[in-house]
Amino acid sequence: MSDLTLLGAAETAAVVAGGDVSAREVATAHLDRIEQTDEVVHAFLHVDRDLTLTQADAVDQARADGSPLGPLAGVPLALKDVFTMKGAPTTCGSKILQGWRPPYDATVVERLSAGGVVVLGKTNMDEFAMGSSTENSAYGVTRNPWNLSRIPGGSSGGSSAAVAARQAPLAIGTDTGGSIRQPAAVTGIVGVKPTYGGVSRYGLVAFSSSLDQGGPLARSVLDAALLHEVMAGHDPKDATSINAPVPPVVAAARGELGGVEGMKVGVVSQLQGEGYQPGVQARFDETVALLTSLGAEVVEVSCPSFEYALPAYYLISPSECSSNLARFDGMRYGLRDGDNGENGVEQVMAITRATGFGPEVKRRIMLGTYALSAGYYDAYYGQAQKVRTLIRRDFEAAYAKVDVLVSPTTPTVAFPIGERADDPIAMYKADLATLPSSLYGGPAMSLPAGLGDDNLPVGVQLMAAVQRDEQVYRVGAALETALEERWGGPLLDQIPELVLGAST
Ligand code: GLN
């Protein structure tokens, strides 16, 4: 492993800006690492050396010209294959988009490129971001670099695995119900779902439009904040994008807004205890005790409607998905099947959708179509929307009393590949703790909290009020410093070296 792949994003940007190494050398080190490890990890669906090196060369040229460099110029990044990028395919982990090359860049990709961030490739994911393990990809499973027989989380499992395996110091994921935070938790890294509307969704293929949100995955709180700031901000091309200044996440991550002393932290009664693995609960309890010792005032907060977050989410998100995925009809993008000159257009659409979508996507489309159908709409979709309002009220009542809420990110550590593949409800439960803040729309971070059962990483979730993203970075940075002092370095330093050539 080259030393360059050990550097974080802030450090990489500093050595590139200082002229110690070129962006090309940094990119090459990471491309080599991907080449050496990805046969085993399978984090990437698409890597294009030339496309990557062209971006790196542009940064080196800008530096040579004396042009101003962005805070992440020359830093490599892994991009979830749900964002469009010119010159590369976008599959969303689905067979139905096989061969589709979008003619435009997502706004997020434009911002990366303006900031000199170097995209290494597109990462594996659960099909259309539906799942918690990346097993729902049409292109094979991704393995957790901590233990190759375990899942890397999902749906942004390629992105989390790439960062944990040191293939990239930064990655972008999307989070609809937990898909950034849960993979970050089970791979021992930092993942942030920004406030809904904080990051543009233009060029992000929609799963559930009222919930989808892009955000950073990184090896430290500061690195996540630096990427967050590059990605975020108003975009007139996305009607749901917030037209207000980006919360000061980098200042918060640098400790410039203060530590946790005097802050009020609420422990959510409903998001712990029964259903949470002993090792997860233990690391969570220790983190709460640490917050107290750092001077935070910790109180218990009850949010009774959180109990209904899972059923509400599994009505609202499939309903939106059934509408969003109607556009994949074999006519406009990617796969077309059954077009033999005899079949009519409706038959071609039906055949394409039958062969192009995987079983979980079909399940969601059917659930959503049912929930929206005449006669059932009020009983299902309507009720779920009411529950969503109650959840929002629980959050608002909580944030009237406390600055942040905390919980474990996931009920368990990374589970074995295959264990929940035939049990959708067990799979859905991986997001028990992340779903409430998705339905509310507030920011939430998963931060490494130590090792739990089977020596696998545990994450703690920090949540804050809408547009108060800096609060999760402020608490996250203080906790990270205290925890790393305890561990003698980042948790990721404890990852076993990858057993290359291993198939399980
Ligand atoms: N695991 C949840 C689901 O399957 C969340 C996915 C996501 O956040 N994209 O819907």
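Residues numbered from 1 in each chain as written. Predicted model: local features only at pLDDT ≥ 70, side-chain atom pairs only at ≥ 80, totals over all residues. Heavy atoms only, no water.

Draft legend 1. A look at the overall build of the protein. A tally of helices and strands in the protein yields 16 helices and 11 strands. Here the C-alpha coordinates of the protein stretch approximately 70 × 55 × 45 Å along the principal axes. Residues classed as buried in the protein amount to 61% of the 504 residues present. Taken together, the 38 basic and 57 acidic charged side chains of the protein have centroids lying 5 Å from each other. (Helix = DSSP H or I, 4+ residues; strand = E, 2+ residues; numbered from the N terminus. Buried < 20%, exposed > 50% of the residue type's maximum accessible area, 1.4 Å probe, protein only. Lys, Arg positive; Asp, Glu negative; His and termini not counted. Charge placed at Lys NZ, Arg CZ, Asp CG, Glu CD.)

Draft legend 2. Quick look at the nonpolar core. Residues F128 and Y473 are the most contacted members of the largest nonpolar core, which totals 152 residues. In this view, F128 contacts C92, S94, I96, L97, V205, F207, L325, F328, F357 and V361; residues no more than four positions away in its chain are not counted. (Core = buried A, V, L, I, M, F, W, Y, C linked by side-chain atoms within 4.5 Å. Contact = heavy atoms within 4.5 Å.)

Draft legend 3. Spatial organisation of the sheet that holds strand β6 (residues 213–218). Pairing is mixed in the open sheet, where 11 strands are placed in the order β1-β3-β2-β4-β6-β5-β10-β11-β9-β7-β8. Of all the strands in the sheet, just β1 (44–47) and β8 (297–301) have a single pairing partner and so form its edges. The mean inter-strand angle of the sheet, taken between neighbouring strand axes irrespective of direction, is 30°. Alignment of strand β2 (residues 76–80) against strand β3 (residues 118–123), held across five bridges, turns out to be parallel. (Pairing = 2+ DSSP bridges. Axes fitted to C-alpha atoms, helices over the stretch in contact; angles between N-to-C directions.)

Draft legend 4. Spatial organisation of the pattern of salt bridges. Scanning the model with the defined rule gives 17 salt bridges in all. The salt bridge involving D493 is made with R166; its shortest N-O contact spans 3.5 Å. Here R166 lies in the loop between α5 (157–164) and β4 (170–175) and D493 lies in the segment after α16 (469–487), a separation of 327 residues in the sequence. Put simply, E470 and R468 hold a salt bridge, and the shortest N to O gap is 2.7 Å. Taking the relative accessible area as the measure of exposure, E470 reaches 8% and is therefore buried. For R468, a relative accessible area of 38% translates into the label partly exposed. Via salt bridges that share partners, D32, E35 and R49 belong to a single interconnected network. (Salt bridge = Lys/Arg side-chain N within 4 Å of Asp/Glu carboxyl O.)

Draft legend 5. Main features of the packing of helix α4 (residues 107–114) against helix α7 (residues 221–231). For the pair α4 and α7, the least separation of the axes is 8 Å and the interaxial angle reads 115°. When the interaxial angle is binned, α4 and α7 end up roughly perpendicular. Residues V108, R111 and L112 of α4 form the contact with α7, whose own contacting residues are L227, V230 and M231. Partitioning the contact of α4 with α7 into residue classes produces five nonpolar, no polar and one charged. (Parallel < 35°, antiparallel > 145°, perpendicular 65-115°, else oblique. Nonpolar A, V, L, I, M, F, W, Y, C, P; charged D, E, K, R; others polar.)

Keep in mind that these numbers describe shape and distance, not what the molecule does.
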